[in-house]
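Fold and contact review
One-letter residues, chain by chain:
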Amino acid sequence: MLAQSCAHVELSEFCVLDPAGMHSRQGAASPAFFMEVVMKTGRPLEQLVIELERQAALKKDMIVPATKLVSETTAAGQCNLVIDEPYGKKRYLMNDFACAQLARKLDIPLLYFKRMRSFDTELLDENINAWLRINATDSYMVRTMAGRARAFLSSRFRRLDNIDLAHSILPILLKLPGARFESVELTETKMYLKVVSAEVTHEVVPGDVLQAGVVVSNSEIGVGRLRVDPLIYRLKCSNGLIACERSMRKNHAGRLLECGDDVVLQDDTVEAEDRAIFLKARDMVQTAVSETTFQLISEKMRKTMGIALTGDPVKSVEVLANRFVLNEAERAGVLRHLIAERQLNGYGLLNAVTGYSQEVGDYDRATEFEEFGGKMLEFSLKEWSEVAEAQ
C-alpha cells in the first residue's frame, strides 16, 4: 500500500506546524499579519495518502451506451442516473459537477437545466432522456465513488488516477534537494502536491530569499489536465507563486474505449499507456526545479521591482481585479496586502496577490491566486503600464 511505503517518513519532514496550525520557521518574524499569510498547508501527506487509498477502494468506472442510461430526478431535485448494468439496473445519485457535465454533453443550457431541476423535475427528465435517445449511438464514461456519480465524461477520457500518480511521483519528489512538502491537498475536483527544494535558492535583495519548488496537480473528473508547474516560494512571508506559463501539461484524452458486455472498466485497461505518462511527469518535475528554470523565473521577479506604481494603487488593484475576475472581497484583500508589503512597485503588487491567497478558504481558488502571480510575470510592457499608471 502507498501509505505503508511512506510510513518511514516522519511528518516533520513535510511540514512543521505550531499549535495554531501555522508553519514554524526558525528565526522568522512573527507579527500577527505574518501569521495570516503563511502558505496554505492543506493536510499532512500521510492523511492524503490514506484518503487516496480509501477512495481507490470505492471507485467504479463504466463506459455506458446512451441506450443504457436513464435520468430519474426526485421532486426535491436530486438527479439520479440509472444504469442498466450486466447484473441489473443500478441508481447513482449525481453530484452537481456531474450534472453540469451531463448538461454540456447533451447540449442542454446549464441555466435551463438548473431551472428545470428547481421547478419542474419531470420536464428535466423528459429533456435528458429524449436527448439520450437521440444520441443512441454515443457512449459515455461515468465515474462513480461509493455509489454516487461524480463525473459524466467522453468515452475518450483517459483515466489518470491520483493514487497511481502519487505512486509514481512521490519517490521523485522525496529525492529533490532539501525536499519539503509545503502544501498538499485533495479537493472535490483536484489533487495538489506542492514541494519546495530548499537547497535551490536565489536572493532577490538582501534578506529576501526565493526557493525553487514544483506543483503537481491532477483532476480525475475532467476539471483540468495533469500538470507540473514550477513553484517559487518566498521565504520571507511564505508566499507561493506558480509559474503556470512554464507549465508542462498532459490532457486526459486517449483512445476511444468501446462498450463490451461488461460496462465496468478494469484497472489494467489502459495501465501501460498511463505508466508512460507518469514517467514523463517524473521527467517534468526535474525540469521544473532545475537551476535554469528557477533562475529564469527569479530574474523575472527581480525585474518587477523596477516597475513603479506611479498611478493610484487602488486603481492598479482594480485593473488586476477586472483582468482576473476578482470579487469585491478579493479585491479589498489584495489591496490590504499591497499596503502591508510597503512596496509600491510590481514586485509588491505581485506578492500582494499571492499573499492574499492564504486568506482564501477554498483551496482551489487559493491556488488560482498563486497562478495569478505567475501570470503577472508574463505581462507585456503595455500590460504593466496599464496596471502601474492606472488613475
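Refer to the structure above for everything that follows.
All of the points below concern the structure found in this document. Quick caveat, the model's predicted, so the values are computed rather than measured.

The full count for this structure, using the stated rule, is 25 salt bridges. The closest approach of N and O atoms between K194 and E370, which form a salt bridge, is 2.7 Å. A residue pair is termed long-range when its members are at least 10 positions apart, and K194 in strand β8 (residues 191-205) and E370 in helix α13 (residues 363-377) qualify at 176 residues. On the accessibility criterion, K194 (2% relative accessible area) is buried. For the salt bridge of D229 with R227, the shortest nitrogen-to-oxygen distance reads 3.0 Å. Looking at D229, the relative accessible area reads 1%, which means it is buried. Residue R227 is classed as buried on the basis of its relative accessible area, which comes to 11%. Here the salt bridges share partners, and the residues they tie into one network are D61, R143, R159 and D161.

Let's shift gears to the pairing of strand β2 (residues 69-73). Regular strands show a simple pattern: their side chains alternate between the two faces of the sheet. Side chains L69, S71 and T73 project from β2 onto a buried face, and the interleaved V70 and E72 project onto a face without burial. In this structure, β2 lies alongside strand β3 (residues 79-85), joined through 5 bridges in antiparallel fashion. In the sheet register, E72 faces β3, and the bridge partner there is N80. From the end of β2 to the start of β3, which pair antiparallel, there are 5 residues, and G77 there has a positive phi angle of about 90°.

The subject of this paragraph is the environment of E341. Note on placement: E341 falls in helix α11 (residues 328-341). As a C-alpha pair, E341 and G355 span 14 residues in sequence and 9.4 Å in three-dimensional space. Contact partners of E341, with chain neighbours within four places excluded, come to R234, C237, G348, N351 and A352. A polar side-chain atom of E341 sits 3.1 Å from a polar atom in the side chain of R234.

Burial of strand β10 (residues 226-234) is extensive: 9 of the 9 residues sit out of reach of the surface. Alternating positions in β10 separate into two faces, L226, V228, P230, I232 and R234 on one and R227, D229, L231 and Y233 on the other, with burial throughout. As paired strands, strand β9 (residues 208-218) and β10 are joined by 8 bridges and run antiparallel to one another. Bridging from a neighbouring strand, V215 pairs with D229 of β10. Relative to strand β12 (residues 248-250), β10 runs antiparallel, the two being bridged by 3 bridges. Bridged to R227 within β12 is R249. Looking at chain direction, β10 and strand β11 (residues 239-242) are connected through 4 bridges and run antiparallel. Bridge pairing in β11 links I232 to L241.

Of all the residues in helix α14 (residues 381-388), the buried ones are W384, V387 and A388. Burial along α14 is one-sided: seen end-on, the buried residues are contained in an arc of 90°. The inward-facing, buried residues of α14 abut α10 (313-324), α12 (346-356) and α13.

The rules behind each value
Every residue gets a number counted from 1 within its own chain, in the order that chain's sequence is written. Confidence filtering applies because this is a predicted model: local features only for residues at pLDDT of at least 70, side-chain atom pairs given and counted only at 80 or more, and all residues used for totals across whole chains, interfaces and linings. By convention in this description, side-chain values take in all heavy atoms of the structure and omit both hydrogens and water. Take a side-chain nitrogen of Lys or Arg and a carboxyl oxygen of Asp or Glu: if they are within 4 Å of each other, that pair is a salt bridge. Elements are defined by DSSP. Helices are runs of H or I of four residues or more, strands are runs of E of two residues or more, and each kind is numbered from the N terminus. Each residue is placed in one exposure class: buried if its accessible area under a 1.4 Å probe, protein chains only, is under 20% of its type's maximum, exposed if it is over 50%, and partly exposed if it falls in between. By the convention used here, strands pair only if DSSP detects at least 2 bridges between them. The criterion used for residue contact is that any of the two residues' heavy atoms lie within 4.5 Å. Polar contacts, as counted here, are pairs of nitrogen or oxygen atoms within 3.5 Å of one another; within protein the pair requires one atom able to donate a hydrogen and one able to accept it, and residues that are adjacent in sequence qualify only if both atoms are side-chain atoms. This arc corresponds to the set of directions leading from the helix axis out to the C-beta atoms.

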